[in-house]
Amino acid sequence: TMPLRAPAEIVRRWVDGTDDSTASSAQPRVVVIGGEAMRGALYKALTEVVGVQPFAPDATLWLREIMQHSRPVELQLMRRGCAILTAATQALEHAAANRAHASAAMLAAESAARRAGAQDVRTLLSLDGGRTLRPFEQLVERIVEPLQAYLAVRFAGYWVEGFVHLSAAPQPVAGRARDALATVIANARPGVKWRELHELASAGIQPFGAHAMVERAIGSRAGLSLVELPPDDNATLQAGSIYSLRVGASDQSAQHAIVSALVQVHDQGNDLLWPAI
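Not measured: the values here are computed from a predicted model.

**With respect to the packing of aromatic side chains**
Argument step 1. Counted by the stated rule, this structure contains 2 aromatic pairs.
Argument step 2. Look at Tyr150 and Phe163: their rings are 4.9 Å apart centre to centre, the planes differ by 50 degrees, and that puts the pair in the tilted class. Of the two residues, Tyr150 sits in strand 3 (residues 147-155) while Phe163 sits in strand 4 (residues 158-166), which places them 13 residues apart along the sequence. In this pair, the class of Tyr150 matches that of Phe163, namely buried.
Argument step 3. When the ring of Trp194 is compared with that of Tyr243, the centres are 5.4 Å apart and the planes differ by 75 degrees; the resulting orientation is edge-to-face. Of this pair, Trp194 sits in helix 7 (residues 194-204) while Tyr243 is found in strand 7 (residues 241-250), placing the two residues 49 residues apart along the sequence. In this structure, Trp194 and Tyr243 share a single accessibility class: buried.

**Some points on the packing of helix 4 (residues 72-97) against helix 5 (residues 102-115)**
When two helices pack together, their arrangement is given by the angle between the helix axes and the distance between those axes.
Argument step 1. Running from N to C, helix 4 and helix 5 cross one another at 155 degrees; their axes reach a closest spacing of 8 Å. By the angle between their axes, helix 4 is roughly antiparallel relative to helix 5. For the pair helix 4 and helix 5, the sense of crossing is right-handed. Seen from helix 4, the contacting residues are Ile84, Ala87, Ala88, Ala91, Leu92 and Ala95; seen from helix 5, they are Ala105, Met106, Ala108, Ala109, Ala112 and Ala113.
Argument step 2. By residue class, the composition of the contact of helix 4 with helix 5 is 12 nonpolar, no polar and no charged.

**Section: the sheet that holds strand 4**
Argument step 1. One open sheet holds the 4 strands; their spatial order is 2-1-3-4, and the pairing between them is antiparallel. Here the strands that pair on one side only, and so sit at the sheet edges, are strand 2 (134-135) and strand 4.
Argument step 2. The pairing of strand 1 (residues 120-125) with strand 2 spans 2 bridges and is classified as antiparallel. The residue bridging Leu124 from the neighbouring strand is Pro135, located in strand 2.
Argument step 3. Across the sheet, helix 5 touches strand 1 and strand 3, and the angle it forms with strand 1 is around 160 degrees.

What counts, and at which threshold
- Sequence order sets the numbering: in each chain, residues are counted from 1 along the sequence as written.
- Residue-level local features of this predicted model are given only where pLDDT is at least 70; pairs of side-chain atoms are given and counted only at 80 or more, and the full residue set underlies all totals for whole chains, interfaces and linings.
- Based on all heavy atoms of the structure, the side-chain values leave hydrogens and waters out of the count.
- Centres within 6.5 Å are what make two rings of Phe, Tyr or Trp a pair, Trp counting through its six-membered ring; a difference in plane orientation under 30 degrees is then read as stacked, over 60 as edge-to-face, and the rest as tilted.
- Here a helix means four or more residues in a row that DSSP labels H or I, a strand means two or more in a row labelled E, and each is numbered from the N terminus.
- Partly exposed residues are those whose accessible area sits between 20% and 50% of the maximum for their type, while under 20% is buried and over 50% is exposed, using a 1.4 Å probe and protein chains only.
- Here, axes are lines fitted to C-alpha atoms. For helices the fit covers the stretch in contact, and angles between N-to-C directions go from 0 to 180 degrees.
- Just so you know how the angles are binned, under 35 degrees is roughly parallel, over 145 roughly antiparallel, 65 to 115 roughly perpendicular, and the rest oblique.
- What makes a crossing left-handed is the near helix being turned counterclockwise from the far one by less than a right angle; a clockwise turn instead makes it right-handed.
- A contact between two residues is defined here by any heavy atoms of the two lying within 4.5 Å.
- Residues are sorted three ways: Asp, Glu, Lys and Arg are charged, Ala, Val, Leu, Ile, Met, Phe, Trp, Tyr, Cys and Pro are nonpolar, and all the rest, Gly among them, are polar.
- Here, a strand pair is defined by DSSP locating no fewer than two bridges between the strands.

Quick look at the structure:
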């Protein structure tokens, strides 16, 4: 491996066999992974180096299929990440229960995550009752009620995430979202289609509607990327993977809530690794 300061030149030397790091004298076979995310200029430069249009087979879907099955060490590392996320959300809950300002509550959660071993922490906070979320980039020196937040932590290169909704007063919308999430968790097992989970969530939040932020993204696989692509509706959950499951509800007026959980799916069902508070 090497830093991609000049990726086109690196690929040219590799293809030409002039790269000392290439031990084999055979002509390398080039494939592309994540080509849809490349800048146009980079894609064009690599195409010109190899001299084929398009320059290589796209192996993105093949790689994603392989990555659906996590190795035991990966599962262990993500479980550690879930423990860190638990420490962060517990700190957030404690701060909110003690009527801390929004900034103090979010900073308490971030600090707890880092003390527990997080390599990186990302957070989002809602200032409009849960309707939208924004990066926590400036001080909010007031109590935010209800407190809708998103926390993501990285440990050993693996990301886990969660949506948290906290309120001192009963919130009917949040209650329906939690009940629907419990139903989704109970049905998360190998072979179940994402479409089926989406239908369960939609029915469970009635009479409320879906939250716009997660309406079409009831879940995704946890892993090396924080931005995992939402699965196809007809795709199924696979044993040996950890998934983020999300349910959001809204009355399209004053109440909005998103809650989530992390589960490890196995042949007997799933293990709940991190629940929404």
